[in-house]
Amino acid sequence: MSTESLWVSAENIHEIPAVRGFRSLREALGKRGSFSHATIEEPVEEVLGSDPDQREDDQQTRDFPLFEAVERVQDSVRPWVLLGRPIGRADDHVFRYFLDGSLRTYRWGEKSEGGTSFPVIVTEVGCAVVFRRDDGTVTRHAFKRRLCLLLPPTPPVSSDTAEDLLQTSTDDGGNAGLNVEVVRLARERHLGDLRTALLGKARSVMHELEVSVANSFPHDGQSWLVIDGAIRKRIFMDLRNTIGLAKSFSRKPRFLFPPARRSIDVVALLRYLPCGARSPVFVSSARAQATDSPTGAGIASWYVRLREPSIQGDPLHGIVKVDYVVDGEWSAERDGPAVERLSRALLAERSVSPYPTNRWATHIYPIFCAETFLKSSLLNPVVMRGLMEA
Amino acid sequence: MEKPSKTVGEPRQQQEREHLGTAKPAEPAAAKPAESEDFVGKTSATDKAPNTVDEFRFWLRHGQLLNPFDFVAVEHESGTVSIGVVREMERITDAQSHLSNFVSSNFGDVSEAPNTLRVGTTVVTASVMANSGFKLHDRPDAVEVSLPIASDKKVRFATAPEVMFALGVHGMRNRVPAGIIEMSNGTQVPVSVNGDYLLGPEGAHINASGTSGLATKTSYLMFLIQGLYQRLHDDISIILFNVKQHDLLHIHEPATDLSERDRRIFHSLDLEPTPFDESDVHYFLPRGVRGAPNSEHVPAGHQVYAYEFPSAKERLDLLFSEISDPQGTIESIVGFIRETPTLVQTRANETLKAGQRVVTWSDLRAFDSYPENVVTHAYSLRRFQRHLTRLTRGNPLFPDAAGEAVDLGDEIVRIRRGHVYVIDMARITATEEQAFIVGDVMSRLEEAYLSDDQDRPKRVVILVDELNRYCPARERLSSVAEQLIEIARTGRSRGAILFGAEQFKSSVNRQVTENCATHVVGRTGSQELEDAAYKFMDRMTRSSISRLGKGELVLAHPLFRQPVRVVFPRPAFKRQEAQ
């Protein structure tokens, strides 16, 4: 049964894998102790916080906040590179694919067993890629979805309940992501608040899906993929011709211009960065630890100001951070021209803009299209409730 | 009540199974399935813009050509097909405001080229015209599905049989050819209106309006009349008032400018592209100087008409219908003249002797022996005589002796089946005289219908161009306006059918336009379209009318759920424009 031909009635609703999956999960959750459903009419859609991208970047740079410039800077007062004319798609169609991931989490209820309890959280994660044609129009290229119950580690979940839940995962295959999986949070990741850790797990599932989608199609050496957000995680390292484009980023890193020993922070680095210019390229001073890539790849990053600085307010207005996978050591001969080409192509992405959406000044339109497609493809919360309670 | 064999809302597969069994779609749902490339878009129902029983929306495939008034079809519930007519098209993008686009273009840099084109589409609003319906048990007629059309249904151009079905042509009695619908995909569909609603008994009359020169409204009415002439020859008579140069003074002559396309349209409507038969056509030309016709063109076999006083006496009020008479003094004098069998001068004056009878217009102008209760003040009489002199002295149309000229009214009373009477008054510029001629014909026609003549036609079609001249939208009604209103109100039952035309519907008395069952509107200015006279059409249709091309008309007929756009061939008789 495909989702497109779904004609739901009381007779056939059990044919939907997700319904079967949620029924099995409910039974497993009610087997020992008690499972109290969220009492409000609709399951709470978990609030993820104001800027998960920045929070994630903060986490990534927390342990290794020092970055060294790999490009020589002539002018230490104005450490930037003017990019010149943007490269539009008519000149050189650099970026063809644009990927965005998204997730919605729902608190299904509270499970109590043996004097302990934990929140039961369900997430729907999705990932979409749009392809830009020669004429500038975009079309869907790929879409994947996963429905997951986020299982906390043991404890607080008892081993028996965990086993019951893990055995309920349905896998009918070919059901457009309407199977329900049980995804378990590893014990070592549960360092603080359980709910925050589960939400972090949901983002982790989303990144896995993003990598899976990015790897699912071939692209030639000339066409590049843009992933929305940073790609500092290890799982992204094997992607080729791919950049991560972060609309917001951590303010924790400090930047060093060897041989100088005094580092500066991100605001000092970028406050006066003019529109149409980029910062030098930086790599983490502890690259191996920061990326932990099995192939030896690392991440080089730089910043590009796409929009004029705002007269008042955020000094980082209109600046995006670009993550670029370096194969082995940074090579000025090999990577320098690529950085130049990618940066100038990024400048051309200013038009059209998704103004006045949130963070429009650092949002590029094709990613916005992927995001829009994705939002319209995720299940409506009311439908989700129906699937969970059917 | 018998339980229906299927209920909408049941699982589709179940319905489809049933459909393959007992329930079969009614015609023309069995029309050939569309090829995938035929689809023009998919229906779209949203929270804020839902599909309803009456209309649905769909987005248009990229690069697809479509125009207002095109017909589209969508597969609907229970194996039925819903047919709609395109009303409005809007181009939308995801830009939330114009400012979004301004910002997108690097804050107003016109040289900025978009690297990615905005997501946008054309959203089409279509009005539901019909649903093919499905057979239910032993019910004789197909059961129409009125449910709103679901979202994401593929939309295609309707086929010609589907368009005809949507217009109700398949079950129409007394079809009257009304033009063809031309769709953007090249499909041409002959259109008929129901004669029962054009000529009675269900409804009657047609009104055509539109900007002069662009709307071709008179040509269209003549095209309809030609169809009636060919289809109902022995049942009808036709009276045409020619008010523009020699437009209608060649209707027995073959057209010189018919194109192949025109001929094709005629044939598709099952009509012959031939002029009116010469033996059926009677041209009446107004009498001019020295008895010669006062016309732009003098067709062979014509007759000249004029009004001597005795024959015009009964309808003298028509001659004064345009003159302001707030005190009713002229009305009083005219009434006395009409009611007095023989006017006799009692006291001799400069012109008339005592005891002389009034037999000519000259006599009437000089006559002053009115009773005191009719003329209460000498000024009133002088005013009447001044107007009478202005209208009749030296006017060859109102001679003392008409010579060979015929009395038009007498000819109308003897009206014959299958004959066409063309009354020329193009060179008559005085509104009073035009009103007199029209009013005279109307009143004599009324007389004809009161007679027991079994040979009189069942229906008389009367073409009155520039209707606003004779029946303007104002409170005080002239005599001729009253006659036209009477025909509009009661002509349906007597068989007197008004084919009226004017530039602005708002300028014609509402009682006439509102009694017309069928309306035709050509290109019209948007300000005029705001008038209440056009409220029978929705805003979107009115908007489309302001953009119609020459020769395109919007036809509103009681049996059509929505107005449709039609084109028609050039008339099959010689026209002034073609010369």
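Residues numbered from 1 in each chain as written. Chains lettered and ligands numbered in written order. Predicted model: local features only at pLDDT ≥ 70, side-chain atom pairs only at ≥ 80, totals over all residues.

1. Focus: the overall build of chain B
Part 1 of the reasoning: The helix and strand inventory of chain B stands at 18 helices and 18 strands.
Part 2 of the reasoning: Principal-axis analysis of the C-alpha atoms gives chain B an extent of 100 × 65 × 50 Å.
Part 3 of the reasoning: Across the 579 residues of chain B, 45% fall into the buried class.
Part 4 of the reasoning: At a minimum sequence separation of 6, the contacts of chain B that also span at least 24 residues come to 73%. (Helix = DSSP H or I, 4+ residues; strand = E, 2+ residues; numbered from the N terminus. Buried ≥ 20, exposed ≤ 12 C-beta atoms within 10 Å, placed from the backbone. Contact = placed C-beta atoms within 7 Å.)

2. Remarks on the overall build of chain A
Part 1 of the reasoning: Helices and strands together make up the secondary structure of chain A, namely 9 helices and 16 strands.
Part 2 of the reasoning: Within chain A, buried positions represent 45% of all 390 residues.
Part 3 of the reasoning: Considering only residue pairs separated by 6 or more positions, chain A has 72% of its internal contacts joining residues 24 or more positions apart.

3. Looking at the interface of chain B and chain A
Part 1 of the reasoning: Across the contact, 18 residues belong to chain B and 21 residues belong to chain A.
Part 2 of the reasoning: Breaking the side of chain B that touches chain A down by element, the ones donating at least two residues are α1 (12–21) and α2 (98–104) of chain B.
Part 3 of the reasoning: The greatest single-element share of the side of chain B that touches chain A, amounting to 3 residues, is contributed by α2(B).
Part 4 of the reasoning: Its residues assigned to classes, the side of chain B that touches chain A comprises 6 nonpolar, 8 polar and 4 charged. (Nonpolar A, V, L, I, M, F, W, Y, C, P; charged D, E, K, R; others polar.)

4. Thoughts on the environment of A:L270
Residue and element names in this part refer to chain A.
Part 1 of the reasoning: For L270, the position within the fold is in helix α5 (residues 266–270).
Part 2 of the reasoning: The spatial distance from the C-alpha of L270 to the C-alpha of P356 is 24 Å, given a sequence separation of 86 residues.
Part 3 of the reasoning: Leave out the neighbours within four places in its chain, and L270 touches S279, Y303, P315, L316 and I319.

5. Comments concerning the domain arrangement of chain A
All names here are of chain A.
Part 1 of the reasoning: With domains assigned, chain A is organised as domain 1 (1–46 + 101–218 + 377–390) and domain 2 (63–94 + 222–351).
Part 2 of the reasoning: On the side of domain 2, 9 residues touch domain 1, which itself brings 7 residues to the contact.
Part 3 of the reasoning: The residue inventory of the side of domain 1 that touches domain 2, partitioned by class, reads 2 nonpolar, 2 polar and 3 charged. (Domains from an automatic or database assignment.)

6. As for the confidence of the model for chain B
Close inspection of predicted coordinates is inappropriate in any region flagged by low pLDDT.
All names here are of chain B.
Part 1 of the reasoning: Per-residue confidence for chain B averages 88 on the pLDDT scale, and 93% of its residues sit at or above 70.
Part 2 of the reasoning: Considering each helix and strand of chain B separately, the mean pLDDT is smallest for α1, with a value of 32, and largest for strand β2 (residues 55–60), with 97.
Part 3 of the reasoning: Contacts for the low-pLDDT stretch residues 1–31, under 50 throughout, to residues beyond four places or in other chains number 54 contacts.
Part 4 of the reasoning: Prediction confidence for the complex, expressed as pTM and ipTM, is 0.79 and 0.79 respectively. (pLDDT = per-residue confidence, 0-100.)

7. What about the nonpolar core?
Where a protein is soluble and globular, its nonpolar side chains tend to be buried together.
Part 1 of the reasoning: B:V422 and B:I423 are the most contacted members of the largest nonpolar core, which totals 146 residues.
Part 2 of the reasoning: Discounting chain neighbours no more than four positions away, the residues touching B:V422 are B:L240, B:N242, B:L248, B:L249, B:I251, B:V281, B:H282, B:Y283 and B:F284.
Part 3 of the reasoning: Counting 101 residues, the second-largest nonpolar core is a separate cluster that includes A:F67, A:W108, A:C148 and A:L165. (Core = buried A, V, L, I, M, F, W, Y, C linked by C-beta atoms within 7 Å.)

8. Topic: the sheet that holds strand β16 (residues 518–521) of chain B
Residues and elements named next belong to chain B.
Part 1 of the reasoning: Taken in spatial order, the 10 strands line up as β12-β11-β13-β10-β14-β15-β9-β16-β17-β18 in an open sheet, and their pairing is mixed. The sheet is open, and its two borders are formed by β12 (303–305) and β18 (564–566), each paired with just one other strand. Strand after strand, the sheet turns through a mean of 20° between neighbouring axes, direction not considered.
Part 2 of the reasoning: Bridge count for strand β14 (residues 459–464) against strand β15 (residues 496–502) is 5 bridges, and the pairing is parallel. (Pairing = 2+ DSSP bridges. Axes fitted to C-alpha atoms, helices over the stretch in contact; angles between N-to-C directions.)

9. A look at the sheet that holds strand β4 (residues 81–93) of chain B
Residues and elements named next belong to chain B.
Part 1 of the reasoning: The 6 strands lie next to each other as β1-β2-β5-β4-β3-β6, forming a closed barrel whose pairing is antiparallel. Averaged over all pairs of adjacent strands, the angle between their axes in this sheet comes to 45°, without regard to strand direction.
Part 2 of the reasoning: As paired strands, strand β3 (residues 71–75) and β4 are joined by 5 bridges and run antiparallel to one another. Within β4, the residue paired with F71 across the bridge is V85.

10. Quick look at the packing of helix α1 (residues 17–31) of chain A against helix α3 (residues 159–166) of chain A
Residues and elements named next belong to chain A.
Part 1 of the reasoning: Viewed as axis vectors pointing N to C, α1 and α3 meet at an angle of 170°, and their least axial separation amounts to 9 Å. Considered as vectors, α1 and α3 are oriented roughly antiparallel to each other. Of the residues in α3, those touching α1 at L25, A28 and K31 are T161, D164 and L165.
Part 2 of the reasoning: Residues that form the contact of α1 with α3 fall into these classes: 3 nonpolar, 1 polar and 2 charged. (Parallel < 35°, antiparallel > 145°, perpendicular 65-115°, else oblique.)

11. Remarks on the packing of helix α13 (residues 431–450) of chain B against helix α15 (residues 479–494) of chain B
Residues and elements named next belong to chain B.
Part 1 of the reasoning: Remark: α13 packs on α15, axes separated minimally by 10 Å, with the N-to-C direction vectors making an angle of 35°. Of the two possible hands of crossing, α13 and α15 adopt the one that is left-handed. In this structure, α13 contributes A435, V438, G439, M442, S443 and Y449 to the contact, and α15 contributes S479, V480, Q483, L484, I487 and R494.
Part 2 of the reasoning: For the contact of α13 with α15, the per-class residue count stands at 7 nonpolar, 4 polar and 1 charged. (Left-handed = near helix turned anticlockwise from the far one by under 90°.)

12. A closer look at the confidence of the model for chain A
Part 1 of the reasoning: Overall, the predicted model of chain A reaches an average pLDDT of 84, with 85% of residues at or above 70.
Part 2 of the reasoning: Here helix α6 (residues 287–291) of chain A is the element of chain A with the lowest mean pLDDT, 50, and strand β13 (residues 277–278) of chain A is the one with the highest, 96.

13. Digging into α13(B)
Part 1 of the reasoning: In a regular helix each residue adds 1.5 Å, so 20 residues correspond to 28 Å; α13(B) covers 28 Å between its end C-alpha atoms and thus fits that length.
Part 2 of the reasoning: Burial within α13(B) is extensive, with 14 of its 20 residues counted as buried. (Expected span 1.5 Å × (residues − 1).)

14. A word on unusual backbone geometry
Residue and element names in this part refer to chain A.
Part 1 of the reasoning: For the peptide bond that leads from S351 to V352, omega is 0°, which places it in the cis range.
Part 2 of the reasoning: With respect to the element layout, V352 can be found in the loop between α7 (332–348) and α8 (365–377).
Part 3 of the reasoning: Put simply, Y355 and P356 share a cis peptide bond, and its omega is 5°.
Part 4 of the reasoning: Looking at where P356 falls in the secondary structure, it is placed in the loop between α7 and α8.
Part 5 of the reasoning: In this structure, N241 is a non-glycine residue whose phi angle is positive, near 50°.
Part 6 of the reasoning: Within the fold, N241 resides in the loop between β9 (224–228) and β10 (242–246).

15. Here's the deal with the pairing of strand β7 (residues 138–151) of chain A
Residues and elements named next belong to chain A.
Part 1 of the reasoning: The sheet contact formed by strand β6 (residues 116–132) and β7 spans 12 bridges and is antiparallel. Note on β7: the bridge partner recorded for V122 is L149.
Part 2 of the reasoning: What sits between the antiparallel neighbours β6 and β7 is a turn of 5 residues, in which G136 has the positive phi angle 95°.
Part 3 of the reasoning: Alignment of β7 against strand β8 (residues 180–184), held across 5 bridges, turns out to be parallel. By the bridge assignment, L147 is partnered in β8 with V180.

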